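# Descriptive structure summary
Each chain, letter by letter, is given below.
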Amino acid sequence: MARGRDTGPARVGLFGILGSGNLGNDGSLDAVVNYLRERHPDVELDFMCMGPDRVMARYGAPATHLQWYEARGESIRWLPAPAAKIIGRLVDPFRTMTWVRRQDVVIVPGMGVLEATVPLRPWSFPYSLFWLTRCAKATGTRVALVSVGADFISKRMTRWLVTHAARMAHYRSFRDAHSRNAMWEMGVDAAGDEVYPDLAFALPAPVAGPATGAVGVGVMDYHGDNDERAHAEELHRAYLGKIKGFVRWLTDNGRAVRLFTGDKADEPVVAEILAAGPAGQVSAASVSSLDELMREMAAVDAVVATRYHNVLCALKACTPTVSIGYAAKNDVLMASMGLNEFVQQARSLDLDRLIAQFTELERRSGGLQKILAERNLVTRQRLERQFEALSAALFPARAAVEVR
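We now turn to the structure provided with this report. (Residues numbered from 1 in each chain as written. Predicted model: local features only at pLDDT ≥ 70, side-chain atom pairs only at ≥ 80, totals over all residues. Heavy atoms only, no water.)

In this section: the side chain of Arg 95. In this structure, Arg 95 sits in helix 4 (residues 81-101). Discounting residues that sit within four places of it in the chain, Arg 95 has contacts with Met 48, Thr 64, His 65, Leu 66, Gln 67 and Trp 68. (Helix = DSSP H or I, 4+ residues; strand = E, 2+ residues; numbered from the N terminus. Contact = heavy atoms within 4.5 Å.)

Another point: the packing of aromatic side chains. Overall, the coordinates contain 12 aromatic pairs when judged by the stated rule. For the pair Tyr 35 and Phe 387, a centre-to-centre distance of 4.7 Å together with 10° between the ring planes defines the contact as stacked. Separated by 352 residues along the polypeptide, Tyr 35 in helix 1 (residues 23-39) and Phe 387 in helix 14 (residues 365-394) bring together distant segments of the chain. The two residues Tyr 35 and Phe 387 agree in class, both being buried. Judged by centre distance (6.5 Å) and plane angle (70°), the rings of Tyr 127 and Trp 131 are edge-to-face. Taken as a pair, Tyr 127 and Trp 131 lie in helix 5 (residues 125-139) at a separation of 4 residues, close to a single helical turn. We classify Tyr 127 as buried; its relative accessible area is 12%. Ring pairing ties together the aromatic residues Trp 123, Tyr 127, Phe 130, Trp 131 and Trp 160, which thus form one cluster. Just above the ring of Tyr 308 sits the side chain of Arg 175; from NZ or CZ to the centre is 4.3 Å. (Phe/Tyr/Trp six-rings, centres within 6.5 Å; stacked < 30°, edge-to-face > 60°. Buried < 20%, exposed > 50% of the residue type's maximum accessible area, 1.4 Å probe, protein only. Lys NZ or Arg CZ within 6 Å of the ring centre and 35° of its normal.)

Turning our attention to the environment of Pro 278. Structurally, Pro 278 is set in the loop between helix 9 (267-276) and strand 10 (282-284). Note: C-alpha distance between Pro 278 and Asp 227 (51 residues apart in sequence) is 36 Å.

Moving on, we get to the nonpolar core. In this structure, Phe 15, Leu 36, Phe 47, Ile 107, Leu 114, Leu 129 and Val 217 are the most contacted members of the largest nonpolar core, which totals 121 residues. Beyond its immediate sequence surroundings of up to four residues, Leu 114 is in contact with Leu 129, Leu 145, Val 148, Gly 149, Ala 150, Asp 151, Ile 153, Val 162, Ala 166, Phe 174, Met 183 and Met 186. (Core = buried A, V, L, I, M, F, W, Y, C linked by side-chain atoms within 4.5 Å.)

Phi at Met 111 takes a positive value of approximately 75°, unusual for a residue other than glycine. Counting through the fold element by element, Met 111 comes out in the loop between strand 4 (105-109) and helix 5. For Ser 147, which is not glycine, the phi torsion reads 50° and is therefore positive. On the basis of relative accessibility, which here comes to 0%, the residue Ser 147 falls in the buried class.

This part covers helix 2 (residues 52-59). Among the residues of helix 2, those classed as buried are Pro 52, Val 55 and Tyr 59. The buried residues of helix 2 occupy an angular sector of 65° when projected down its axis, which confines them to one face. Turned more than 90 degrees from where helix 2 packs its buried face, Asp 53 and Ala 57 sit exposed. Packed against the buried residues of helix 2 are helix 1, strand 2 (44-49) and strand 3 (63-65). (Arc of directions from axis to C-beta.)

For any two helices packed against each other, the geometry is given by the interaxial angle and the distance between the axes. Here helix 8 (residues 232-252) crosses helix 13 (residues 351-363) at 45°, and the two axes come no closer than 10 Å. Taken as axis vectors, helix 8 and helix 13 run oblique relative to one another. Crossing angle aside, the handedness with which helix 8 passes helix 13 is right-handed. For the pair helix 8 and helix 13, contact is made by Lys 242, Gly 245, Phe 246, Trp 249 and Leu 250 and by Leu 351, Leu 354, Ile 355, Phe 358 and Thr 359, respectively. Here the residues of the contact of helix 8 with helix 13 are counted per class, giving 7 nonpolar, 2 polar and 1 charged. (Axes fitted to C-alpha atoms, helices over the stretch in contact; angles between N-to-C directions. Parallel < 35°, antiparallel > 145°, perpendicular 65-115°, else oblique. Left-handed = near helix turned anticlockwise from the far one by under 90°. Nonpolar A, V, L, I, M, F, W, Y, C, P; charged D, E, K, R; others polar.)

Here we take up the pattern of salt bridges. Side-chain pairs of opposite charge can arise where the charged atoms are in close proximity. Taken as a whole and assessed by the stated rule, the structure comprises 21 salt bridges. Each of Glu 115, Arg 175, Asp 198 and Lys 329 takes part in salt bridges that share partners, so that together they form one network. (Salt bridge = Lys/Arg side-chain N within 4 Å of Asp/Glu carboxyl O.)

What follows concerns the sheet that holds strand 11 (residues 302-305). Spatially, 10-9-8-11-12-13 is the arrangement adopted by the 6 strands of the open sheet, whose pairing is parallel. With partners counted over all chains shown, the strands left at the sheet margins are strand 10 and strand 13 (343-345), one partner each. Each neighbouring strand pair of the sheet contributes to a mean axis angle of 20°, computed without reference to strand direction. As judged from the 4 bridges shared by strand 8 (residues 215-218) and strand 11, these two strands associate in the parallel manner. Pairing of Val 215 across the sheet is with Ala 302, part of strand 11. Across the sheet, helix 12 (residues 328-336) touches strand 12 (321-325) and strand 13, and the angle it forms with strand 12 is around 160°. (Pairing = 2+ DSSP bridges.)

Structure follows, in structure tokens:
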């Protein structure tokens, strides 16, 4: 263990944008906590995250705010926001050091922590991740970036922070080959890093309820990526207009529509679609976890979705899916599950093509469900190897005892 501590309960910290309403991030966290409690039940958990109250309530373990500024909120309204943020940036490295020193191991559970496929400032999470790994390097705490997502980052400062954080990690694995190749492209030697499926695939398979005959549509508060800030509103309105057009086509053809989200930020999009759709035919799912979302998706006939973990949940539920991707990771995921012909890009969504793809998807539904069931089995087996590798990397003394 870190700092030569080989006996007694291991202190394991979990770090990231967790507990803040992003179902995909929280689902990845659930998968890692399940792994720790099943295979290393003596560990003592601690969290540094965006939603500590929610995380403490769910896991019954201590949690600390990831960022000083976000934690203070209303109590510093008297201070101009730019000044408060600067203070936070100066204070956060010391807060991070204090938290890291208490841990033997810190795990960053999945998520797209090494990418900027949505608008992202360098002084937000990239800055936090850099200081996590820098503090861990100074204290001897092992940091594991587990089955994380990455993509090439064009903004120089963001790229510098992300690549330096990755280099200082004790252990890295990626959720697809595209992510590992992106790190190579950004100058990080990833030769020893393995590729495993996204952690959310380790969650229990959903039990399908009675078929509803509805079509699931997963929406996103889409505004392009980090390089498209100048066109963010234009991209958003174009995307939303096409999604509303697809929902209207479904309802005109007598289909019920079930709307899904993956983040609290998506709720205004749902509200706008509900306001435009015929009452009684369009409804919205209300879920608080990835498990609940999977169960909802198991009950619809097909899914058309944008958010990565919306797509993943549908595939995990063996529900035929069309992906309207906002990044390469969506296409990579669909290809890995045998559905690479059922993809489009959010920034260039073609409504007529989407209708044609959806029609073909439903025509081949039975065969596609069999393919998904086979791919899910292989994916689960690969994640077993991920957890075995993680135990060997982070808990070597305990792994050696288990082998003996």
